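Survey of secondary and tertiary structure
Okay, here's what each chain looks like letter by letter:
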Amino acid sequence: MVFSSMVFLCIFLPVVFLLHLILPGIRAKNWMLLLASLVFYAYGEPVYVLLMIASAFVNYLSALLIEKKPSGKKAVMTINVILNLGVLVLFKYTGFLAESFNAIFGTAVPVPAIRLPIGISFFTFQAMSYVIDVYRGVTEPQKNFGKVLLYISFFPQLIAGPIVKYHDIAQEIENRTQTVDGVMNGIRRFIAGLSKKVLISNTVGLVADTLFAADISGLNAAAAWIGAISYMLQIYFDFSGYSDMAIGLGEMFGFHFKENFNYPYISGSIREFWRRWHMSLSGWFQEYLYIPLGGNRKGKVRTVINKFIVFLCTGIWHGANVTFLFWGLYHGCFLMLEEFVPAIREKGGRVKSVFQHIYALMVVLIGFVFFRADTMSQGVAWVKTMFTGFGANPAAMSLALEQLTPLYLVTLAVGIVACCPVKNLVKKSGAYEAVTAIGSLVLLALSMLSLASGTYNPFIYFRF
């Protein structure tokens, strides 16, 4: 399946790029990109592509109704939000709700097996932001359904983000240019993202999956720490890698998407972490939930409650599991702590800064253990093992040492360095262009070899 997918992409991307380059006029380019995006999504979701089109059409009509019936625009917007969230609940949370109902009330309600459409959370949030922005008067409603559908279905960021707001690319849908510099920058950015995913995320992810699949009673502290750190690196390089690929592809076609990650693991507080991690999602919740709730305008207690609600929703957004819910509340608790004890997040001297970075990394690391765990009991046991599992257990130590292959250790070191803004140092050296050009060719070759020889290639955020 991985091989066939890569063959598809190797044919699909060059053909689409060349057609976009040679087709005359923006209208032809847009229709070609729309058709390509639908084919791209239909390759993985041959049935649910109709759901995405229907979702786009409902949101397109809602925006037009808001303009046509200003006296009833609040009702239209409210109904639209309910419909969008209803689709998410139906496909993403029905099974979880049924299981929870059975567990609480001891009933035997049938649990429906509904397959989750790829990227449904991303394209639903994009569609909602478009309608809400029309309601607020931030953007004008688009009369051409094809352009709205292109905005929602554009294949580089369709299935795993970043979440793009319509007004950020509205002008580029109407008129854009492909420049040599833009194409070259886009190609380099795409290769960087592909390398993050294939060379780093896949390597540490295989270790994380091996250890998290093992019986927790058979692990010691070393194995638990290796598994936790591996997953922390896997999820970052998986998601930031895909974001880089999406941003790079967008630039190749003349679109400019905003950054989605800004070295989150160098943060000195959880507040700073969320300013750097998955910025399109945190920005979406801030603009469309936190501020409408009152933001920080109604006193400190209300501010804390609003942040708590936002992070509760952030956890739920990621999936139908108690572990995701806990993960959101967990981050909300530390944000509340930093709100009431600002000394934790306020900048200080070098020594304080070191402790702040350690604090932030530890909070994030433990949070990701629960994010990765299948159940809360596994997450609790895993964290307990990290800090208490120091007993003599030859089998557990053997399992831990088996993961420390030369490839893993090299990848771990590279991954840790890549979590830091070393690119800025390279730019200052004056050899940035030469280094990136040669480095891109090497990374592309290594990525192709890895893809051709391996079968382990999961995209974590496809399920969201």
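This text gives an overview of the structure that appears in the document. Owing to the predicted nature of the structure, the values given are computational and were not obtained by experimental measurement. In this convention, every chain numbers its residues from 1, walking through the sequence in written order. Side-chain atom pairs in this predicted model are given and counted only at pLDDT of 80 or more, local residue features only at pLDDT of at least 70, and totals for whole chains, interfaces and linings cover all residues. Each side-chain value is worked out from all heavy atoms of the structure, with water and hydrogens disregarded.

Observations regarding the nonpolar core
Nonpolar cores are built from buried Ala, Val, Leu, Ile, Met, Phe, Trp, Tyr and Cys residues. Side-chain atoms within 4.5 Å join them into one set. In this scheme, a residue with accessible area under 20% of its type's maximum is buried, one over 50% is exposed, and one in between is partly exposed, where area comes from a 1.4 Å probe on protein chains only. Counting 120 residues, the largest nonpolar core has Leu33, Phe125, Phe155, Tyr265, Trp277, Phe368 and Trp382 as the members making the most contacts within it. Residue contacts are defined here by distance: any two heavy atoms, one from each residue, within 4.5 Å place the two residues in contact. Not counting residues within four places of it along the chain, the set of residues in contact with Phe155 comprises Phe12, Leu13, Val16, Leu33, Ser37, Phe40, Tyr242, Leu249 and Phe253.

Observations regarding the environment of Ser71
Turning to its location among the elements, Ser71 is positioned in the loop between helix H3 (49–68) and helix H4 (73–105). Sequence-wise, Ser71 and Phe324 are 253 residues apart; in three dimensions their C-alpha atoms are separated by 39 Å. Only DSSP runs of H or I covering at least 4 residues are called helices, and only runs of E covering at least 2 are called strands; the numbering of each starts at the N terminus.

Points about a nonpolar patch on the surface
Together, Ile11, Val15, Leu18, Leu19, Leu21 and Ile22 give the surface a local cluster of nonpolar side chains, amounting to about 550 Å² of exposed area. By the secondary structure assignment, Ile11 is in helix H1 (residues 2–22). Patches here are clusters of residues that have more than 30% relative accessible area and form no salt bridge, with a 9 Å joining cutoff for like charges and a 5 Å cutoff for nonpolar side chains (Val, Leu, Ile, Met, Phe, Trp, Tyr). Only the protein chains shown count as cover for residues, and the accessible areas themselves come from Shrake-Rupley with a 1.4 Å probe. We count a salt bridge whenever a side-chain nitrogen from Lys or Arg sits within 4 Å of a carboxyl oxygen from Asp or Glu.

Side note on the packing of aromatic side chains
Note on aromatic pairs: the rings of Phe, Tyr and Trp (six-membered ring only in Trp) are paired at centre separations within 6.5 Å, and the planes decide the class, stacked below 30 degrees, edge-to-face beyond 60, tilted for the rest. Scanning the entire structure with this criterion turns up 50 aromatic pairs. Taking the centre distance of 6.1 Å and the plane angle of 70° together, the rings of Phe154 and Phe257 count as edge-to-face. Within this pair, whereas Phe154 is found in the loop between helix H6 (145–153) and helix H7 (166–174), its partner Phe257 is found in the loop between helix H9 (221–252) and helix H10 (270–276), the two being separated by 103 residues in sequence. The same class applies to Phe154 as to Phe257, namely buried. In this scheme, Lys NZ or Arg CZ marks a charge over a ring once it lies within 6 Å of the ring centre and within 35 degrees of the ring normal. Against the face of Trp317 rests Lys92, its NZ or CZ located 5.2 Å from the ring centre.

Some details on helix H11 (residues 279–293)
Residues that lie three or four places apart on an α-helix share one face, since the helix turns once every 3.6 residues. Any helix carries an expected span of 1.5 Å times its number of residues minus one. If you check H11, its first and last C-alpha atoms are 20 Å apart, about what 15 residues at 1.5 Å a residue would give, namely 21 Å. For a residue, the bend is simply the angle between two axes, fitted respectively to the seven-residue segment ending there and the seven-residue segment starting there. The principal kink in H11, of about 40°, is found at Gln286. Every buried residue of H11 is listed here: Ser280, Leu281, Gly283, Trp284, Phe285, Tyr288, Leu289 and Tyr290. Lining the buried residues of H11 we find helix H5 (120–136) and helix H12 (300–318). At the C-terminal side of H11, Gly294 shows a positive phi close to 125°.

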